[in-house]
Each structure stands twice: as structure tokens, then as C-alpha cells.
Amino acid sequence: MKKILALILAVLMVVSLAACGTTTTTDADATEKAQLVMGTNAAFPPYEFYDEDGQTIIGIDAEIAKAVADKLDMELTIKDMEFDSLLTAVQSGAVDIVFAGLTVTDERKESVDFSVTYATGIQVIIVKDGSDIASVDDLAGKTIGVQAGTTGDIYCTDEFGQDNVKQFGNGALAVAALQNDQVDCVVIDNEPAKSFVAANDGLKILETEYAVEDYAAAISKDNADLTEKVNAAMEELKADGTIDAILAKYIKAE
Ligand code: ARG
């Protein structure tokens, strides 16, 4: 009799241990919620960049995306990738949404849908102190550094020709090339420009703006349902001041 009891106890223990195993390995929250996979290129402060531990992507886009996901009761994951593969990633379904300080353009509208806009971007010109480039009018014939696939790249290539434009994987690499005199200037969005100039000696941003643009999230044209939900969430986050607060947190008034 004792042996049978011991056996039953042993079986019960194994069963309950196994049960423990399954509950501890599964994050109940993560399985319940639908996933919202965001693609970005996290070398674009203050919109997306790594915090000091080098592990977590933070910034305006990460926070807006998190607020949108919370509103939709979804679980946000962020994938860091090359900027020029983001739109293909959202078209193929590798990511659900792109938040990347992404400029709305007519050409991009042919391949993806855009959400409502949430910020303004300005393409500016970074030069070394003492440069003979004083405005956009001086760019002809110069070597311009850009981040590959960005609007800065597209506009400069259109206007000044491919031979005058050098593409880099991100803005920081373009700025490093400017420091090493491999390019004469860098054309990039104003907020990242400010942070790159702050992090490097001897650089300045020209007063003349090259182009003014709007940022929005991109979603697949096959996912109209998500676009509608994201837009509704973003309208609420605009109306209740959440988006303004996130922008103000990362962009200090001059
Ligand atoms: N606004 C520019 C564009 O849409 C540059 C965006 C770059 N974003 C980034 N996360 N690296 O082309």
C-alpha cells in the first residue's frame, strides 16, 4: 500500500513539475496579445537610437509606436534593419509597420500606405567650419554625403547627379566621411543633424533649408485594416497631447 502511495505521489510530482515548466516558459501576456512588428533603422537620433546599454531602441518613433500598440492592445517588437530595405520589409510582411522618421513622398505612396503624419522634417546641409559652401546654391559640383535611400539621397541624386553623391549606411558614417574630407557636406534631416553636429567638433548646419517634409508610418497596402486602426490611435494620441509630449521630450526648444 505504501509503495502504491509513493508511486502515485511520484507521478503527481512529475506531472506538476511538467506543468510548472510550461507556465514558466510562456509569457502569458505575450501569447495573448497580437504582435505589432515595427521596422526601423536605429541610427537616427532622436527618432530611433540605442540607449546607453546598447540593447534597447529608444526615441520618438519607438515611443509613439509603443503608445499606438498599447492603444490597440498589441505587443510591440522592434526590428533594426538597413534604411533602404524598410519599405520592402513592410511590403513583404516581414514587418507590420515602419516608423523611421520616414518622409511621405508620392513615389513611396505607390508602394506603401502612409499613416497620418506626426512630425515635420527638414533636409539640412552639414558642413565643416570654414567651408566655402554657404547655401544650397553652392552644392553644384561638390561631393555630397547622404544615407542611402533617404529623401536627402533621392533629391541630391536627382538634382546634382549620381557622381556627386556618396551613399553611406547611416548618417553617422556620412558625418565621419565629412570629418575625413571624403565628402564636402552631408544632407540629412535636421534633428539627427543637430545630434551629429553636437557629437562632433568643427561642424555646423547651414541656415538654408534644403527641403521641408512630413513624417508618417508606412503600412502595407494589403493591410488597410491596420492602417485604419493605427490612424485612429494616432489621432487620439495627437488629440490628447501624447505625441506632442513625446516630441517635446526628445526635441528641446531652442
Ligand atoms: N526622412 C528621411 C527619409 O524618409 C530619412 C529617414 C531616415 N531614417 C532612419 N531611421 N534612418 O528618407
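Data block above holds the structure.
J.: What exactly am I supposed to notice about the overall build of the protein here?
T.: The helix and strand inventory of the protein stands at 10 helices and 11 strands. In the protein, buried positions account for 44% of the 254 residues. Sequence separation of 24 or more characterises 71% of the internal contacts of the protein that already satisfy a separation of 6 or more. Accessible area of the protein: about 13100 Å², with a carbon and sulfur share of 53%.

J.: What exactly am I supposed to notice about the pairing of strand 11 (residues 211–219) here?
T.: The side chains of a regular strand alternate between both faces of the sheet. For strand 11, a buried count of 7 out of 9 residues is recorded, marking the element as mostly surrounded by other parts of the structure. Relative to strand 11, strand 6 (residues 113–128) is paired through 8 bridges, and the arrangement is antiparallel. Its bridge partner being in strand 11, Gly-121 is matched across the sheet by Glu-213.

J.: In this structure, what is going on with the pattern of salt bridges? I would like to understand it.
T.: Opposite charge on two side chains makes pairing possible when the charged atoms of those side chains draw close. Across all of its chains, the model carries 10 salt bridges by this definition. Here Lys-71 makes a salt bridge to Glu-236, at a shortest N to O gap of 3.1 Å. Note that Lys-71 is positioned in helix 3 (residues 60–71) and Glu-236 in helix 9 (residues 224–239), a separation of 165 residues in sequence. Looking at Lys-71, the relative accessible area reads 39%, which means it is partly exposed. Asp-113 is paired through a salt bridge with Lys-221; the nearest N and O atoms lie 3.1 Å apart. Placement of the pair is Asp-113 in strand 6 and Lys-221 in the loop between strand 11 and helix 9, with a sequence separation of 108 residues. Look at Lys-221 and you get partly exposed, because its relative accessible area is 38%.

Rules used in this analysis
- Going along each chain's sequence as written, the residues are numbered from 1 onward.
- Local features in this predicted model are restricted to residues of pLDDT 70 or higher, and side-chain atom pairs are both shown and tallied only at a pLDDT of 80 or more, whereas totals for entire chains, interfaces and linings draw on every residue.
- Excluded from the side-chain calculations are hydrogens and water; all other atoms, namely the structure's heavy atoms, are used.
- Helix numbers and strand numbers start at the N terminus; a helix is a DSSP run of H or I with at least 4 residues, a strand a run of E with at least 2.
- Note on classification: 1.4 Å probe, protein chains only; a residue is buried when its accessible area is under 20% of the maximum for its type, exposed when over 50%, partly exposed between these limits.
- Any two residues whose heavy atoms approach within 4.5 Å at even a single point are treated as in contact.
- Reported accessibility uses the Shrake-Rupley method at a 1.4 Å probe radius. Residues are deemed covered only where the shown protein chains occlude them.
- At least two bridges found by DSSP between two strands is the condition for calling them paired.
- We define a salt bridge as a side-chain nitrogen of Lys or Arg found within 4 Å of a carboxyl oxygen belonging to Asp or Glu.

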